[in-house]
Amino acid sequence: MQGGKMAKSFPALCSLFFFILTHSALSSGPQHWWPPNGIIKVKCPYKKVDLSWFRGTANPCPGVYQPICGTNFVTYENPCILCVESLKSQGKIRFLRDGKC
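If you're wondering where the values come from, they're calculated on a predicted model, not measured in any experiment.

**Q** How should the environment of Gln-66 be read in this particular structure?
**A** Inspection of the secondary structure puts Gln-66 in the loop between β2 (42-43) and β3 (68-70). Judged by relative accessible area, which is 13%, Gln-66 ranks as buried. On a C-alpha basis, the gap between Gln-66 and Gly-99 in space is 7.3 Å, while along the polypeptide they are 33 residues apart. Filtering out sequence-adjacent residues up to four positions away, Gln-66 remains in contact with Pro-35, Gly-38, Ile-39, Ile-40, Tyr-76, Glu-77, Asn-78 and Pro-79.

**Q** Can you help me understand the state of the cysteines in this one?
**A** Under the counting rule described, the total for this entry stands at two disulfides. Sulfur-sulfur distance for the disulfide between Cys-69 and Cys-101 comes to 2.0 Å. Every disulfide takes its handedness from the sign of the S-S torsion; for Cys-69 and Cys-101 that torsion is 110°, giving right-handed. Highlighted residues: Cys-69 in strand β3 and Cys-101 in the segment after β5 (95-98), separated in sequence by 32 residues. What makes Cys-69 buried here is its relative accessible area of 0%.

**Q** Just checking my understanding: could you explain the sheet that holds strand β4 (residues 75-76) for this structure?
**A** The pairing of strands in a sheet comes from backbone hydrogen bonds and takes either a parallel or an antiparallel form. The antiparallel open sheet is built from three strands, whose spatial order is β4-β3-β5. This sheet does not close on itself; its edge strands, each paired only once, are β4 and β5. Of the strand pairs in this sheet, β3 and β4 are connected by two bridges, and their pairing is antiparallel. Bridge pairing in β4 links Ile-68 to Tyr-76.

**Q** Before we go on, may I ask you to explain the side chain of Lys-88 in this structure?
**A** Within the secondary structure layout, Lys-88 lies in helix α2 (residues 79-88). A residue is classified by how much of its surface remains accessible, and Lys-88, at 17% relative accessible area, is buried. The residues contacting Lys-88, other than those within four sequence positions of it, are Leu-51, Ser-52, Phe-54, Arg-55 and Gly-56.

What counts and what doesn't
- Residues numbered from 1 in each chain as written.
- Predicted model: local features only at pLDDT ≥ 70, side-chain atom pairs only at ≥ 80, totals over all residues.
- Heavy atoms only, no water.
- Helix = DSSP H or I, 4+ residues; strand = E, 2+ residues; numbered from the N terminus.
- Buried < 20%, exposed > 50% of the residue type's maximum accessible area, 1.4 Å probe, protein only.
- Contact = heavy atoms within 4.5 Å.
- Disulfide = S-S within 2.5 Å.
- Pairing = 2+ DSSP bridges.

That is the geometry; function is a separate question.
And the structure:
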């Protein structure tokens with residue numbers, strides 16, 4: 001039974017982990033807001049945080065739909081998801097423009 005509870009709480013733990021990493025990295029050094037305009041904006045610390053080892057998926061902004069285009073020409077559901085992908089790619093994927101690609 002406990003394995004099932006742990007599996008259900010894993011996405012929440014990933015979101016918490018992402019928040020802690022982002023929060024600690026945001027307090028040091030300048031980053032750019034993604035997107036520059038919009039309801040939700042993130043300062044993605046892609047130069048300071050390396051999540052290339054993380055192969056799972058995380059949605060730190062559940063239920064929020066604000067399409068954003070990455071430099072890999074993939075449309076992401078929101079800026080937070082793009083930031084996670086940027087961290088996983090060691091900054092190779094970044095913000096290109098608001099809206100769908």
